[in-house]
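Coordinate analysis (summary)
Here are the chains, one letter per residue:
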Amino acid sequence: MITFEYISSFKKTNTYKIICEGVLNNNIEDLLLGEDPYTLSYSTDSVKTIPSQVLIGIHILILDSKISNERVNEAFRNLLITRKSVCLILDYIDTYLIYKSDNKAIKLEYDQKFKEIIEKKDDYIKMDCFKNLLALILKKL
């Protein structure tokens, strides 16, 4: 459960400022993908954002009526599935499946996007991140 204390603390972070900027500038798709200037990860690999942090930020913004679930879901539906994005999208789904057991603010409509990914799985099955995340998600479903 995301507590009031955690929300208060998270609102003071640079991560939250970046998430707010993406939402308030209506660049939700870029925020979800971690595109500049909404990059949250400083690792050297191809991961440019951290789904758990983005979902927490969006959770807070929904509670504060700065964004709606409908807009979040519209942005999520608009994400293109590519070799570059497929693992990140799966990471969002996996993170959401964990998140939703304790938090009800976000209602991510992931079913259709997951179905699209499964339909294209032959294109991505050799990617380790794809195999690992797919297995995690299937265990949760």
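Scroll up to find the structure.
In what follows, the accompanying structure is described. (Residues numbered from 1 in each chain as written. Predicted model: local features only at pLDDT ≥ 70, side-chain atom pairs only at ≥ 80, totals over all residues. Heavy atoms only, no water.)

Here we look at the nonpolar core
By size, the foremost hydrophobic cluster in this structure holds 48 residues, and its most contacted members are Leu32, Phe76, Val86, Ile93, Ile106 and Phe130. Mapped by element, the contributors of at least two residues to this core are α1 (4-10), α2 (14-24), α3 (28-33), α4 (51-63), α5 (69-78), α6 (86-99), α7 (111-119) and α9 (128-140). No other element matches α6, which puts 10 residues into this core. Residues contacting Val86, with those up to four places away along its chain left out, are Ile81, Ile117, Tyr124, Met127 and Phe130. (Core = buried A, V, L, I, M, F, W, Y, C linked by side-chain atoms within 4.5 Å. Buried < 20%, exposed > 50% of the residue type's maximum accessible area, 1.4 Å probe, protein only. Helix = DSSP H or I, 4+ residues; strand = E, 2+ residues; numbered from the N terminus. Contact = heavy atoms within 4.5 Å.)

With respect to the state of the cysteines
Per the counting criterion, the structure on display carries 1 disulfide. The partner cysteine of Cys87 in its disulfide is Cys129, sulfur to sulfur 1.9 Å. Since a negative S-S torsion denotes a left-handed disulfide, the Cys87-Cys129 link at about 70 degrees is right-handed. Of this pair, Cys87 sits in helix α6 while Cys129 sits in helix α9, placing them 42 residues apart in sequence. Since its relative accessible area comes to 12%, Cys87 is described here as buried. Judged by its relative accessible area of 33%, Cys129 falls in the partly exposed class. (Disulfide = S-S within 2.5 Å.)

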